[in-house]
Amino acid sequence: MPLGPQSSKIQSIPTLIHLREKHLQKSRFICDNLNVNVFVFLTFLPFKGKESDEQPQLSVDVGEQHAEALEENADKGVDLVYSLNDRPPWYLCILLGFQHYILAFGGIIAIPLILAEPLCIRDNNEAKSQLISTIFFVSGLCTLLQTAVGTRLPILQGGTFSFITPTLAILALPKWQCPNLAEPAVASSQFQNDTGPKLSGNSDELWMSRMREIQGAILVSSLIQIVIGFSGLVGFVLKYIGPLAIAPTINLIGLSLFIEAGKKSGAHWGIAALTVCLILLFSQYLGKVNVPMIAYKDKKWKVFQYPLFKLFSALFGMCGGWLVCFLLTVFDVLPSQSTEYGYSARTDISLDAVTNSPWFHVPYPGQWGAPTVSVSSVMGMMAGVLASTMESIGDYYACARLSGAPPPPTHAINRGIAIEGIGCIIAALWGTGNGTTSYSQNIAALGITKVCSRLVLQTTGILMIVLGIFGKFGAVFITIPDPVIGGMFLVMFGMIAAVGISNLQYVDLNSSRNLLILGFSTFSGLVLPTWFHSNPGIIDTGMKELDQVIVVLFTTHMFIGGFFGFVLDNTIPGTAKERGINKWKVMGHEDSKSTCDQSCYDIPFCNALLQRFKCFQYLPFLPSYKTTQQGASK
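Residues numbered from 1 in each chain as written. Predicted model: local features only at pLDDT ≥ 70, side-chain atom pairs only at ≥ 80, totals over all residues. Heavy atoms only, no water.

J.: Lay out unusual backbone geometry in plain terms, naming residues and giving numbers.
T.: Phi at Cys120 takes a positive value of approximately 70°, unusual for a residue other than glycine. Within the fold, Cys120 resides in the loop between helix H3 (90-115) and helix H4 (125-149). Even without being glycine, Arg152 reaches a positive phi, approximately 65°. Structurally, Arg152 can be placed in the loop between H4 and strand E1 (157-158). (Helix = DSSP H or I, 4+ residues; strand = E, 2+ residues; numbered from the N terminus.)

J.: Help me get a handle on the state of the cysteines, residues and values and all.
T.: Counting across every chain of the model gives one disulfide. Free of any disulfide, Cys424 has its nearest neighbouring cysteine sulfur in Cys142, separated by 7.4 Å. (Disulfide = S-S within 2.5 Å.)

J.: How would you explain the pattern of salt bridges if you had to name every residue and give the values?
T.: Under the definition given, this model contains seven salt bridges. Glu117 is the salt-bridge partner of Lys263, the closest N and O atoms lying 3.9 Å from each other. Residue Lys263 is found in helix H10 (residues 258-265), and its partner Glu117 is found in the loop between H3 and H4; the two are separated by 146 residues along the sequence. Residue classification places Lys263 among the partly exposed residues on the basis of a relative accessible area of 46%. Judged by its relative accessible area of 31%, Glu117 falls in the partly exposed class. Residues Arg346 and Asp332 are paired through a salt bridge, measuring 3.5 Å at the closest nitrogen-oxygen approach. Here Arg346, found in the loop between helix H13 (313-330) and helix H14 (351-355), pairs with Asp332, found in the loop between H13 and H14; they are 14 residues apart in sequence, far enough to count as distant. (Salt bridge = Lys/Arg side-chain N within 4 Å of Asp/Glu carboxyl O. Buried < 20%, exposed > 50% of the residue type's maximum accessible area, 1.4 Å probe, protein only.)

J.: So what about the nonpolar core? Which residues, and what values?
T.: Membership of the largest hydrophobic core comes to 115 residues, with the highest contact counts inside it found for Phe136, Leu153, Phe161, Phe489 and Phe493. In terms of residue count, H3 provides more of this core than any other element does, 15 residues in total. Setting aside residues up to four positions removed in sequence, Phe489 forms contacts with Ala110, Ile114, Glu260, Ala261, Lys264 and Gly494. Cys142, Ile426, Trp430 and Ile465 belong to the second-largest nonpolar core, a separate cluster that totals seven residues. (Core = buried A, V, L, I, M, F, W, Y, C linked by side-chain atoms within 4.5 Å. Contact = heavy atoms within 4.5 Å.)

J.: So what's going on with the packing of helix H9 (residues 243-255) against helix H23 (residues 557-571)? Residues and values would help.
T.: Contact geometry of H9 with H23 gives a least axis separation of 8 Å together with a crossing angle of 170°. Judged by the angle between their axes, H9 and H23 are roughly antiparallel. Counted together, Leu244, Ala245, Pro248, Thr249, Leu252 and Ile253 of H9 and His557, Met558, Gly561, Gly562, Gly565, Phe566 and Asp569 of H23 form the full contact between these two elements. Per-class residue counts for the contact of H9 with H23 are seven nonpolar, five polar and one charged. (Axes fitted to C-alpha atoms, helices over the stretch in contact; angles between N-to-C directions. Parallel < 35°, antiparallel > 145°, perpendicular 65-115°, else oblique. Nonpolar A, V, L, I, M, F, W, Y, C, P; charged D, E, K, R; others polar.)

J.: I'd like to hear about the environment of Phe470, residue by residue, with values.
T.: Here Phe470 lies in the loop between helix H18 (454-469) and helix H19 (471-476). As a C-alpha pair, Phe470 and Pro358 span 112 residues in sequence and 8.2 Å in three-dimensional space. Beyond its immediate stretch of four places on either side in the chain, Phe470 contacts Ser133, Trp359 and Phe360.

J.: Explain a nonpolar patch on the surface to me, and be specific about the residues and the numbers.
T.: A surface patch of nonpolar side chains, amounting to about 620 Å² of accessible area, comprises Leu323, Phe326, Leu327, Val330, Phe331 and Val333. Within the secondary structure, Phe326 is located in helix H13. (Patch = residues over 30% accessible without salt bridge, like charges linked within 9 Å, V, L, I, M, F, W, Y side chains within 5 Å. Areas by Shrake-Rupley, 256 points an atom, 1.4 Å probe, with all protein chains shown as cover.)

J.: Tell me about helix H21 (residues 512-534), and please be specific about residues and values.
T.: If you check H21, its first and last C-alpha atoms are 32 Å apart, about what 23 residues at 1.5 Å a residue would give, namely 33 Å. Along H21, the sharpest kink reaches roughly 25°, centred on Ser524. Within the sequence span of H21, burial applies to Arg513, Asn514, Ile517, Leu518, Ser521, Thr522, Ser524, Gly525, Pro529 and Phe532. Packing partners of the buried residues in H21 comprise H9, helix H22 (544-554), H23 and helix H24 (576-579). Between the side-chain oxygen of the N-cap and the backbone nitrogen of Arg513 there are 3.3 Å, and the N-cap of H21 in question is Ser511. (Expected span 1.5 Å × (residues − 1). Bend = angle between axes of the 7 residues up to and from the residue. Polar contact = N/O pair within 3.5 Å; in protein donor to acceptor, adjacent residues only side chain to side chain.)

J.: Tell me about the layout of surface pockets, and name the residues and values.
T.: Each pocket or cavity is described by its volume, and for the second largest pocket that value is around 640 Å³. Around the second largest pocket sit 21 residues that line it, and Leu168, Ala172, Glu260, Lys263 and His533 are the ones nearest its centre. Each residue belonging to the lining of the second largest pocket can be placed in one class, and the counts come to 10 nonpolar, eight polar and three charged. (1 Å grid on protein atoms, 1.4 Å probe; cavity = no way out; pocket = protein on both sides within 12 Å on 5 of 7 lines; lining within 4 Å. Points joined across faces, edges and corners; volume = space filled by probe spheres on them.)

Written out as structure tokens, the structure reads:
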């Protein structure tokens, strides 16, 4: 269920597939009603027939079009309205694409809001609005890249929480800590209605220098993803990673962020609790309630049921808390003095960010300056890159199953990981402060809407680029009160931690070996970073760079937990059944019904060229590589 922006994203290959299959089964009853499969309530526009990649078909009636699409896919064992290669009408692409944008909204918007304080821009609304615009813009670019030449599955790309933990560890180094200023850091220049940032002054250099350090770390460490993808090392790496290495790694991503959630929620616990209750209400208590909607079809009005609360639970919960804060501000119930408790819940604190922000802001590479590179930052960021890689592989299998595609071949997985590495480099060059990864809450939406066309996700990418350029759009989200964000964080980070624990369903929890590995790796991931933060300057090897490497690595929770889990699981004797390896890998390779063949993973317009030269058969990221594999198997 798409509860939190990254809640279901951060998990292993089989866990994703298993959870998405359960989600699909629970949602199957929705698809009994033909109208629920698409946004029929939007069919006031003329509804054209389904188009294929080869040639468009004649316009038909709405019911006929749906029946024809379902009948065609039913012959192949699935109940999709639009399969991977289908081309829905342009207006349906826009509407469904906007839905995917909304589902990913929470995860994308959360990243710059988390980084605002460690980047020393807590009160710099200009910088925050530009970061929000930049991360939406880059997410759109990466989505287009992944769906066009990556795996070519309908997967949305966005920021990842795997990069947050090492980023916070880097910014916690003494040289990057924010100075204690008597006056809060504010933007020293006024917003201008142009296409580029006009930042100046010491406050701007204060945060830009920190951003350039993060950019450099992501830029260099992302080369690992590119190497792993283009060299075909994915299979080799997965061979030694099991549930006992994944579980503490993902679990600690959520647990390590509890301080950030506490800071935001502590601004007004009542509003934070209200936001949490609203999210739980929409996602759990009303998750199975379908909302009646009206559609005009066959020259008459019809009523159909739609799972509105299930799809937009996080958005509705956040907007509900936002609305309450707005009303309390209008009626002057909340304190008006910044020193009083509850002041941060007001919605008029950052209104100047909207009124003075530029209408258009086009992000560009190097807008914060040239990235800087240090060994300690790169080493710390590598942990986030590896974790993000493992998570994305799981999403590929889950997306293929729900979209009616065959299990992704080796070349598609290799190319997808490499493209994600390129996406992270793009994010580093543009300066989002984060990398890019696949969003599985959008994958879950495929099982509900039954619209799995990659064209829809490409439309989402275009929408993200357009809205990222619209400067005032990003500035609006700065007015979200801190306690509302904190309530969303409480649910989101808790789900991330729980998803990590869910990997343990494959291991024998009655084994003392497994309990020892799990307990020690998780507990060490909490103890060591806390001790290093409490004892700054304790490491002194005589080499400044080495000291920084040690501090960054040992203050990154997920690195500590994943490292100990990986080493102990591969060195302490244990059977494959006890470790959960067999069940973990079998779950990721179960056969699934498909509506298309392996050609759906081919790179467009390149097949003739790839088949012409035999040298391409030895490159593990190209479709021609499968020829070598098939020949070897014969």
